[in-house]
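Read off the chains here:
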Amino acid sequence: MESSSSSSSGLFVSPAGLLLSAVSSSSAALRLEALELACVNARSTDPPGVLELCIARRWLMLCLRCTGAGSRSKCLVLCDKLITRQRAAVHAILHRAAVAKKPGATGGAHPGSLPKPTVNYLATPAASSAAAAGAATDGAVLLRQYEFISWMSQTLLDSLYPGGPYERKYFSLEVLALLLQHWTPAADCTTDYQSILTQAAANDSSTSSSSGSGSVCVDVLLRRPDVVPLAAAVLQPSSVQVLLGCLVDTWDKLRMAAARVLELLPSPLPGI
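Residues numbered from 1 in each chain as written. Predicted model: local features only at pLDDT ≥ 70, side-chain atom pairs only at ≥ 80, totals over all residues. Heavy atoms only, no water.

Undergrad: Can you lay out the overall build of the protein for me, pointing to particular residues and giving the numbers?
TA: A tally of regular secondary structure across the protein gives eleven helices and zero strands. In the protein, the succession of helices and strands from N to C terminus is α-α-α-α-α-α-α-α-α-α-α. Expressed as a percentage of its 272 residues, the buried residues of the protein come to 44%. Here the contacts in the protein between residues at least 6 apart in sequence split such that 74% fall between residues at least 24 apart. Surface summary for the protein: the accessible area is close to 13,500 Å², and the carbon and sulfur share equals 58%. (Helix = DSSP H or I, 4+ residues; strand = E, 2+ residues; numbered from the N terminus. Buried < 20%, exposed > 50% of the residue type's maximum accessible area, 1.4 Å probe, protein only. Contact = heavy atoms within 4.5 Å. Areas by Shrake-Rupley, 256 points an atom, 1.4 Å probe, with all protein chains shown as cover.)

Structural data, given as structure tokens:
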């Protein structure tokens, strides 16, 4: 009896490990189910957590090339839902911070319309520790979404290397177009959010704690609507040249996908 119990305990696998293993399964249906768990949520403004983003990251790395034509449409729908959740979560956090900073604010909008936690942001040094912890949580969530979007856009661009598989390049362009539809860069935008946050943290004496750092992150991004969480390479002339190369490719679908991405970049195109 003892040996059977010990052997059964040795086979225990955490739910997170099972989900991550499903992403690398040989079954396309199982991979899609794992991606759906990471992308879909009943609350559209609920930000993806660490595990969900980890699943999406692994799925993108493993399945970017091997996604079949039959399941590509569903993959695009799921990716769109994930990006939409991230965009809505970022907007909700910044909106809640803006409302809380107004004179006479009572904590923001209706509780059912915004993701938890609902916090009153640090307004004075005498603010409660619970509010500071809430600001730190929102700041960490905000930074997590920005880092994932930046990584995702860089990964998609890296998949457009010359001589790469057509299916990989085509799918990368389609996902990149979805990304740019939600985070459309303007001509005067900046993607260097990390340097902006680092400089702001260095200039703020309250960032000696994690709660101060989270509050500064929200405050800075609230004041800087020109910051977009895209990789810096998206707006570089070398990336535009790669997209123009796809635009004159022999495959019609690849040319159309490249044209959609170029239309979403600021005009005039960088380097043109």
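Undergrad: Quick rundown of the packing of helix 5 (residues 69-101) against helix 7 (residues 166-182)? Include the residues and the values.
TA: Contact geometry of helix 5 with helix 7 gives a least axis separation of 10 Å together with a crossing angle of 30°. One element, helix 5, and the other, helix 7, form an angle in the roughly parallel class. Handedness of the crossing formed by helix 5 with helix 7: right-handed. Contacts between helix 5 and helix 7 involve R72, C75, L76, C79, D80, I83, T84 and R87 on the former and, on the latter, E167, Y170, F171, E174, V175, L178, L179 and H182. Residue composition of the contact of helix 5 with helix 7, by class: nine nonpolar, two polar and five charged. (Axes fitted to C-alpha atoms, helices over the stretch in contact; angles between N-to-C directions. Parallel < 35°, antiparallel > 145°, perpendicular 65-115°, else oblique. Left-handed = near helix turned anticlockwise from the far one by under 90°. Nonpolar A, V, L, I, M, F, W, Y, C, P; charged D, E, K, R; others polar.)

Undergrad: Can you explain the packing of helix 3 (residues 28-39) against helix 4 (residues 50-63)? Please cite residues and give values.
TA: Contact pair helix 3 / helix 4: the axes reach a minimum separation of 8 Å and the direction vectors enclose 145°. Crossing hand, helix 3 versus helix 4: left-handed. Every residue of helix 4 that contacts helix 3 at R31, A34, L35, L37 and A38 is listed here: E52, I55, A56, W59 and C63. Along the lines of polarity and charge, the residues of the contact of helix 3 with helix 4 split into eight nonpolar, no polar and two charged.

Undergrad: Describe in detail the side chain of E174, supporting the description with residues and values.
TA: Tracing the backbone through its elements, the reader meets E174 in helix 7. Despite its burial, E174 pairs with no opposite charge, the nearest such side chain being R260 at 4.2 Å. (Lys, Arg positive; Asp, Glu negative; His and termini not counted. Salt bridge = Lys/Arg side-chain N within 4 Å of Asp/Glu carboxyl O.)

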